[in-house]
Amino acid sequence: MTVPTGRRERKKAATRQKIADTALRLFLERGYDAVGIRDVAAEADVAVTTLFSHFASKEALVFEQDDDFEQRLTQAVTNRAPHEPHIPALCREIKAMVRHCTADGTAPIYRMIDESRALREYEESMRLRHADSLATALIADPDLSQSATACRTIARFVVDAFSLARETADPPAAVDEIFQMIEAAWKVT
């Protein structure tokens, strides 16, 4: 996540984080469906309009690092070292994201997501958007000879690797296994 540098940006980031933390606490305490936007705004001591200036929807409150994750994926391609292969750079980033999302205390959050149709649908649309952004970054790379279709396919596999690994007993080992298959697919395109 980019650290805000100016006072105004730091205050906005702090307000955003306060809203997200408050929402997550309320959702876990009372249940996602039992908490409304007004409840979150009141508990965070902000106006509903302020909440919506930071988050487009109730679902976005649960996935508050959505934009950061998307940016990290594309930067794994665009900011990798010269001549560093794409797949190992993406594997490293997915491992870091999986570590973050499987840390202690995250299980109740994923149970809440699994129990809510709205959150599952939001997560799926988020994954598709992340895959589209990653594919765009891959397609734009002048060093690649793979087709746009191959880039879009690999991007989907990479984003799905995150979800699949997160659900296993040994996420790092799952990432390694999945990326062996991704690497093999990438080589034949």
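Predicted, not measured: the structure shown is a model, and the values here were computed from it.

What counts, and at which threshold
Residues numbered from 1 in each chain as written. Predicted model: local features only at pLDDT ≥ 70, side-chain atom pairs only at ≥ 80, totals over all residues. Heavy atoms only, no water. Helix = DSSP H or I, 4+ residues; strand = E, 2+ residues; numbered from the N terminus. Buried < 20%, exposed > 50% of the residue type's maximum accessible area, 1.4 Å probe, protein only. Contact = heavy atoms within 4.5 Å. Core = buried A, V, L, I, M, F, W, Y, C linked by side-chain atoms within 4.5 Å. Arc of directions from axis to C-beta. Salt bridge = Lys/Arg side-chain N within 4 Å of Asp/Glu carboxyl O. Axes fitted to C-alpha atoms, helices over the stretch in contact; angles between N-to-C directions. Parallel < 35°, antiparallel > 145°, perpendicular 65-115°, else oblique. Left-handed = near helix turned anticlockwise from the far one by under 90°. Nonpolar A, V, L, I, M, F, W, Y, C, P; charged D, E, K, R; others polar.

**Student:** So, the environment of Trp186: which residues are in play, and what are the values?
**Tutor:** Tracing the backbone shows Trp186 in helix 10 (residues 171-188). Its relative accessible area of 7% is what places Trp186 among the buried residues. The sequence separation of Trp186 and Cys151 amounts to 35 residues, and the corresponding C-alpha distance is 8.6 Å. For Trp186, the residues in contact, after removing those within four places along its chain, are Ile87, Leu138, Leu144, Gln146, Ala150, Cys151 and Ile154.

**Student:** Please set out the nonpolar core residue by residue, giving values where relevant.
**Tutor:** Judged by nonpolar contacts, the single largest core of 56 residues is most densely connected at Phe27, Val40, Ile94, Val158 and Phe179. Once residues lying within four places of it in the same chain are set aside, the contact partners of Val158 are Leu73, Leu90, Ile94, Leu134, Phe179 and Ile182.

**Student:** Outline helix 2 (residues 37-44), listing residues and values.
**Tutor:** For helix 2, every residue scored as buried is listed here: Ile37, Val40, Ala41 and Ala44. Considered in projection along helix 2, the buried side chains sweep an arc of 95° and stay on one side of the axis. Pointing more than 90 degrees away from the buried face of helix 2 are the exposed residues Arg38 and Ala42. Buried residues belonging to helix 2 abut helix 1 (7-30), helix 3 (48-54) and helix 4 (58-62).

**Student:** Give a description of the pattern of salt bridges that names residues and reports values.
**Tutor:** Counted under the stated rule, the structure contains 15 salt bridges. The residue Asp141 makes a salt bridge to Arg80 at a minimum N-O spacing of 3.2 Å. Residue Asp141 is found in the loop between helix 8 (117-140) and helix 9 (148-166), and its partner Arg80 is found in the loop between helix 5 (66-78) and helix 6 (86-101); the two are separated by 61 residues along the sequence. Comparing Asp141 with Arg80 shows no difference in burial state: the two are buried. Among the ionic pairs, Arg166 bridges to Glu167, the shortest N-O distance being 4.0 Å.

**Student:** Hey, could you go over the packing of helix 5 against helix 8 for me, with residue numbers and the actual values?
**Tutor:** It is the contact of helix 5 with helix 8, at a shortest axis distance of 9 Å, that shows an interaxial angle of 25°. Between helix 5 and helix 8, the angle is such that the two are roughly parallel. Helix-helix and strand crossings are classified by hand; for helix 5 and helix 8 the assignment is right-handed. Residues Asp66, Asp67, Phe69, Glu70, Leu73, Thr74, Val77 and Thr78 of helix 5 pack against Tyr122, Met126, Arg129, His130, Ser133, Leu134, Ala137 and Leu138 of helix 8. Classifying every residue of the contact of helix 5 with helix 8 by side-chain character gives eight nonpolar, four polar and four charged.

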